[in-house]
Amino acid sequence: MNSTAAAPPFAVFDTLRRGDAAPEWIRTPVLDAWGLSPAAHLTLIAVSENATFRISVDGAPVAVLRLHRPGYVADPAQIAAELTWMRAIAADTDVRVPEVLPLRDGTLVHEFTDPDGTTWFAVAFGFVVGEVLEATLAAGGLDVGALRSCYAEIGATTAALHEHVTGWVAPTGFARFGWDLDEALGASSRWGDWRGASLSGEHLAVCERAELAARDVLATATPTGLVHADLRPSNIMVDAAGRLTVIDFDDCGTSRLLWDFAAALSFIEHEEFVPTIASAWIAGYRTVRELSETDLQVAAALSVVRRLQMLGWTTTHRQDALPPAVWAAQVPGTVEVGRRYLDRPLWLFEGGTR
């Protein structure tokens, strides 16, 4: 069982903000490991489960460095497994993913220590030209038509990944962590227990009832496999030609396949437009793979689990990891989602034909 859920996320970066230069103890070993120019600059992109940095040479971005939070994925073989799957996707499918950049010695994961003796793992990817899809959607305002089209494509892309993984033979020794219910909920949750959020007694009761109802649906076996686990607009790049690139596979792991549906709606399940985009996701998915009525029941239950998981996530992460309005909506929104689920378990699919 993972024991790092309560670990403080990147205290060493508390004073670092987006665009700030990486500390020298990161920059020097990274440039050497990947054989990059000593004149290259590393600037912070974001801090979440991991810290990401843009690597630029002569002002032009050439790569993205991901620095893993100590203890989050303690086994470098699991990190290498993620990269192995990404390379297989690039080779075997039409799904666009970032190029995995090996070190000078051909390996994929760089291990080094900071001045205090803490061990860090770093990986690098080719720079993806374009904009984050979430930002592109936000720039156009709340256009439900654009969201519907976007989520239909996300659904189809997810189905393509599921098609690949169900037929892919992973190499010997391949291993990733799992996203079972205990990893998502409760005291052993990887990201924190949702009960640690600021909930009134009434709100706590609603969320507990919703969790129990979802667990009851998920008690029976459903198809499992390797999933991206966070395939939503914030983890998709779109270029000038409108082509999508799926990024950030760092949460990929074994789970019920429709965990990817739940993840696609992360943080926004309470919004009134969500049934429309949830139905669009299902329609897009069905252009590639079949889904039954039972699958929809599982998808709806997993969405409740995911919402509770991400409420737990807010108890262990920096507030600036989300836009202020999104952060503020997490407690009331989660309670509302729980109420809707208890009232109508398939409410998410009322925005279109099931």
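The structure presented is a predicted model; accordingly, all values stated were derived computationally and were not measured. Numbers given for residues are sequential positions, taken from 1 along each chain in its written order. In view of the model being predicted, local features appear only for residues whose pLDDT reaches at least 70, and side-chain atom pairs are presented and counted only at 80 or more, with totals across whole chains, interfaces and linings using the full set of residues. For the side-chain quantities, the full set of heavy atoms in the structure was used; hydrogens and water were omitted.

Trainee: Looking at this structure, I do not really get the packing of helix 6 (residues 201-217) against helix 9 (residues 293-313). What am I missing?
Mentor: In a pair of packed helices, the angle between the axes and the distance between the axes together describe the arrangement. Angles here are taken between N-to-C directions and fall from 0 to 180 degrees, while the axes themselves are lines fitted to C-alpha atoms, restricted in helices to the stretch in contact. Strands here are runs of E lasting at least two residues and helices are runs of H or I lasting at least four, both read from the DSSP assignment and numbered beginning at the N terminus. Axis separation between helix 6 and helix 9 bottoms out at 9 Å; the angle between their running directions is 140°. Classified by the interaxial angle, the pair formed by helix 6 and helix 9 is oblique. With respect to the hand of their crossing, helix 6 and helix 9 are arranged in left-handed fashion. Contacts from C207, A210, E211, A214 and V217 in helix 6 reach Q297, V298, A301, V304, V305 and L308 in helix 9. Three categories are distinguished: nonpolar for Ala, Val, Leu, Ile, Met, Phe, Trp, Tyr, Cys and Pro, charged for Asp, Glu, Lys and Arg, and polar for the others, with Gly belonging to the last. Considered class by class, the residues forming the contact of helix 6 with helix 9 number nine nonpolar, one polar and one charged. For classification purposes, angles smaller than 35 degrees are called roughly parallel, those larger than 145 roughly antiparallel, those between 65 and 115 roughly perpendicular, and all remaining angles oblique. For a crossing to be left-handed, the near helix must be turned anticlockwise from the far one by less than a right angle; the clockwise case is right-handed. By definition in these notes, contact holds between two residues if any of their heavy atoms fall within 4.5 Å.

Trainee: Whenever I open this one, helix 9 confuses me. Can you help?
Mentor: The α-helix advances 3.6 residues per turn, and as a result positions three or four apart in sequence lie on the same side. Helix span, as expected, comes to 1.5 Å for every residue beyond the first. Its 21 residues give helix 9 an end-to-end C-alpha distance of 30 Å, which sits within 8% of 30 Å, the value for a rise of 1.5 Å per residue. Each residue gets one of three labels from its accessible area relative to the maximum for its type: buried under 20%, exposed over 50%, partly exposed in between, using a 1.4 Å probe on protein chains only. Counting buried residues in helix 9 gives 18 out of 21 residues, a clear majority hidden from the surface.

Trainee: In this structure, what is going on with helix 6? I would like to understand it.
Mentor: Between its terminal C-alpha atoms helix 6 stretches 25 Å, which fits the 24 Å expected from 17 residues at 1.5 Å a residue. Along helix 6, the residues that are buried comprise V206, C207, A210, E211 and A214. Projected down its long axis, helix 6 carries its buried residues within an arc of 135°, all on one side. Exposed positions of helix 6 whose direction lies more than 90 degrees from the buried face are G201, E202, R209, L212 and D216. Elements in contact with the buried residues of helix 6: helix 9 and helix 11 (330-343). This arc is taken over the directions from the axis of the helix to the C-beta atoms.

Trainee: Quick question: what am I supposed to make of the environment of D182 here?
Mentor: By the element assignment, D182 lies in helix 5 (residues 181-184). Taking the C-alpha atoms as reference points, D182 and A329, separated by 147 residues in sequence, lie 25 Å from one another.

Trainee: Explain the environment of V64 to me, please; I cannot follow it from the model alone.
Mentor: Mapped onto the elements, V64 comes out in strand 3 (residues 60-68). When the C-alpha positions of V64 and F177 are compared, they lie 24 Å apart, and in sequence the two are 113 residues distant. The contacts of V64, once residues within four sequence positions are left out, are I45, T52, F53, V123, A124, F125 and F127.

Trainee: Explain the environment of Q297 to me, please; I cannot follow it from the model alone.
Mentor: Its location among the elements puts Q297 in helix 9. With a relative accessible area of 37%, Q297 lands in the partly exposed category. A C-alpha to C-alpha distance of 10.0 Å links Q297 and F349, two positions 52 residues apart in sequence. Setting aside residues no more than four positions away along its own chain, Q297 makes contact with V217 and L346.

Trainee: Teacher, can you tell me more about the confidence of the model for the chain here?
Mentor: Parts of the prediction with low pLDDT should not have their coordinates interpreted in detail. A residue's pLDDT is simply how confident the predictor is in it, with values from 0 to 100. Of all residues in the chain, 96% attain a pLDDT of 70 or more, and the chain-wide mean is 92. Counted against residues more than four places away or in other chains, residues 1-7, with its pLDDT under 50, gives 17 contacts.

Trainee: Is there a simple way to think about the packing of aromatic side chains in this case?
Mentor: Any pair of aromatic rings gets described here by the distance separating the centres and the angle formed by the planes. Pairing of aromatic side chains requires ring centres within 6.5 Å, counting the rings of Phe and Tyr and the six-membered ring of Trp. Pairs whose planes differ by under 30 degrees are stacked, by over 60 edge-to-face, and all others tilted. Tallied over the full model, the rule gives 13 aromatic pairs. Taking the centre distance of 6.0 Å and the plane angle of 75° together, the rings of F13 and F53 count as edge-to-face. Pair noted here: F13 is in the segment before helix 1 (24-34) and F53 is in strand 2 (residues 50-57), with a separation of 40 residues, a long-range link. By the burial criterion, F13 is buried, and F53 matches it. Ring geometry for W168 versus F174: centroids 5.3 Å apart, planes at 90°, classification edge-to-face. These aromatic residues form a ring-pair network of at least three members: F13, W25, F53, F112 and W120.

Trainee: Before we go on, may I ask you to explain the pattern of salt bridges in this structure?
Mentor: Should the charged atoms of two oppositely charged side chains come close, the side chains can pair. By definition here, a salt bridge exists when the distance from a side-chain nitrogen of Lys or Arg to a carboxyl oxygen of Asp or Glu is within 4 Å. By the definition in use, this model includes 19 salt bridges. The salt bridge involving E269 is made with R307; its shortest N-O contact spans 2.8 Å. Taken as a pair, E269 in the loop between helix 7 (259-264) and helix 8 (274-286) and R307 in helix 9 lie far apart in primary sequence, 38 residues in all. With a closest N to O distance of 2.9 Å, E272 and R340 form a salt bridge. Taken together, the residues span a long stretch of sequence, with E272 in the loop between helix 7 and helix 8 and R340 in helix 11 at a distance of 68 residues. Where salt bridges share partners, they join D193, R195, E208, E211 and R215 into one cluster.

Trainee: Just checking my understanding: could you explain the sheet that holds strand 10 (residues 244-246) for this structure?
Mentor: For sheets, the rule is that strands pair by backbone hydrogen bonds, running either parallel or antiparallel. Pairs of strands are assigned from DSSP output, requiring at least two bridges between the strands. The sheet built from three strands is open, its strands ordered 7-9-10 with antiparallel pairing. Pairing within the sheet leaves two strands with one partner each, and these edge strands are strand 7 (131-132) and strand 10. Looking at chain direction, strand 7 and strand 9 (residues 236-238) are connected through two bridges and run antiparallel. Considered in strand 9, the bridge of E131 is made with V238.

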